[in-house]
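# Close look at the chain arrangement
Given next are the chains, with one letter for each unit.
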Amino acid sequence: SMNIQEQEGQRLFAQWISRLHITPRVSSEKFISLLEVANVVLHPFPFDGSKTSADAIWAGIPYITLPSEYLRGRMGMQYLRTMNIPSLCATNMSHYVQIAVQLADPKQSLYTTVVAQMRQRKDLIFEDLEVPYQWSKFFTRLHPKFGVFTEKEGKEENSKDNRNQQSWLFNQ
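Residues numbered from 1 in each chain as written. Predicted model: local features only at pLDDT ≥ 70, side-chain atom pairs only at ≥ 80, totals over all residues. Heavy atoms only, no water.

Helix length check: helix 8 (residues 130-142) (13 residues) gives 19 Å between terminal C-alpha atoms against 18 Å at 1.5 Å per residue, within 8%. If you check which residues of helix 8 are buried, you get Glu 130, Tyr 133, Ser 136, Lys 137 and Thr 140. Seen end-on, helix 8 carries its buried residues on one side only, within an arc spanning 125°. (Helix = DSSP H or I, 4+ residues; strand = E, 2+ residues; numbered from the N terminus. Expected span 1.5 Å × (residues − 1). Buried < 20%, exposed > 50% of the residue type's maximum accessible area, 1.4 Å probe, protein only. Arc of directions from axis to C-beta.)

Next comes the structure, spelled out in structure tokens:
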């Protein structure tokens with residue numbers, strides 16, 4: 001016979017599992033429409049989203065990620081890092097499940113907190129000019145006609161530190 005705590009655990013698990021929807025790969029347009037009804041996005045691992053993470057951020061939907069060794073499994077983590085929201089970045093599978101359970105109820109404080117943080121900080125992702133600046137520098141070195149900035153302009157911008165006030169987050 002189960003004790004009350006075990007019965008409550010099974011009841012909550014049944015409630016949570018009924019809210020879990022696993023979908024096959026869909027088009028970008030279909031994914032956006034799925035975000036309209038989602039509370040949380042669970043990124044699969046060892047892959048995690050680049051575009052799907054960005055779409056979730058734009059929609060204000062928290063996502064959980066478990067970064068892997070390769071770039072294909074680290075983009076979601078980098079977005080969270082840029083926004084300084086480490087609470088959605090799992091360190092192992094058990095931690096991933098723990099975060100999912102904490103976010104399962106939108107009335108809990110973790111859900112409310114991260115949704116507010118994402119809404120306040122999403123511009124750090126979409127207005128960060130450091131990445132396009134670095135790509136421009138790279139292509140300029142390959143061939144000057146590809147770059148937006150000249151090497152001289154890049155040095156001036158470096159010395160003035162005008163590229164982006166938030167770029168310090170990448171060095172954390």
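Once that is clear, we can look at the side chain of Asp 55. Within the fold, Asp 55 resides in helix 3 (residues 51-59). Using a relative accessible area of 13% as the deciding quantity, one classes Asp 55 as buried. Those residues in contact with Asp 55, other than ones at most four positions away along the chain, are Phe 31, Ile 32 and Leu 35. (Contact = heavy atoms within 4.5 Å.)

Let us look at helix 4 (residues 75-82). All of the buried residues along helix 4 are Gly 76, Met 77, Tyr 79, Leu 80 and Thr 82. Those residues of helix 4 that are buried lie in contact with helix 3, strand 2 (63-64) and helix 7 (123-126). Backbone geometry just downstream of helix 4 places Asn 84 in the positive-phi region, at approximately 55°.

Tracing the sequence through the fold places Tyr 96 in helix 5 (residues 93-103). What makes Tyr 96 buried here is its relative accessible area of 9%. Setting aside residues up to four positions removed in sequence, Tyr 96 forms contacts with Leu 42, His 43, Pro 44, Phe 45, Ile 64, Thr 65, Leu 66 and Ala 90.

A separate point is the confidence of the model for the protein chain. Here the protein chain shows a mean pLDDT of 78. Residues at 70 or above account for 80%. Under a pLDDT of 50 for its full length, residues 153-172 has, in the predicted model, 27 contacts with residues more than four places off or in other chains. (pLDDT = per-residue confidence, 0-100.)

It is worth spelling out the packing of aromatic side chains at this point. Applying the stated criterion across every chain yields a total of one aromatic pair. Its end group placed over the ring of Trp 58, Lys 122 keeps NZ or CZ at 4.5 Å from the ring centre. (Phe/Tyr/Trp six-rings, centres within 6.5 Å; stacked < 30°, edge-to-face > 60°. Lys NZ or Arg CZ within 6 Å of the ring centre and 35° of its normal.)

Taken together, the side chains of Phe 13, Ile 17, Leu 20, Ile 22 and Leu 42 make up a nonpolar region of the molecular surface, amounting to roughly 510 Å² of accessible area. With respect to the secondary-structure elements, Phe 13 resides in helix 1 (residues 4-19). Residue Phe 13 is classed as exposed on the basis of its relative accessible area, which comes to 53%. (Patch = residues over 30% accessible without salt bridge, like charges linked within 9 Å, V, L, I, M, F, W, Y side chains within 5 Å. Areas by Shrake-Rupley, 256 points an atom, 1.4 Å probe, with all protein chains shown as cover. Salt bridge = Lys/Arg side-chain N within 4 Å of Asp/Glu carboxyl O.)

Moving on, we come to the pattern of salt bridges. Counted by the stated rule, this structure contains one salt bridge. Of the charged contacts in the structure, one is a salt bridge between Asp 55 and Lys 51, with a shortest N-O distance of 3.0 Å. Note that Asp 55 and Lys 51 are positioned in helix 3 at a spacing of four residues, about one turn of the helix.

Core analysis: the largest hydrophobic core is formed by 27 residues, its most contacted members being Tyr 63, Leu 88 and Leu 103. Every element with two or more residues in this core is listed here: helix 2 (28-35), helix 3, strand 2, helix 4, helix 5 and helix 6 (109-121). Of all the elements, helix 6 adds the most residues to this core, at five residues. For Leu 103, the residues in contact, after removing those within four places along its chain, are Val 40, Ile 64, Leu 88, Leu 110, Tyr 111 and Val 114. (Core = buried A, V, L, I, M, F, W, Y, C linked by side-chain atoms within 4.5 Å.)

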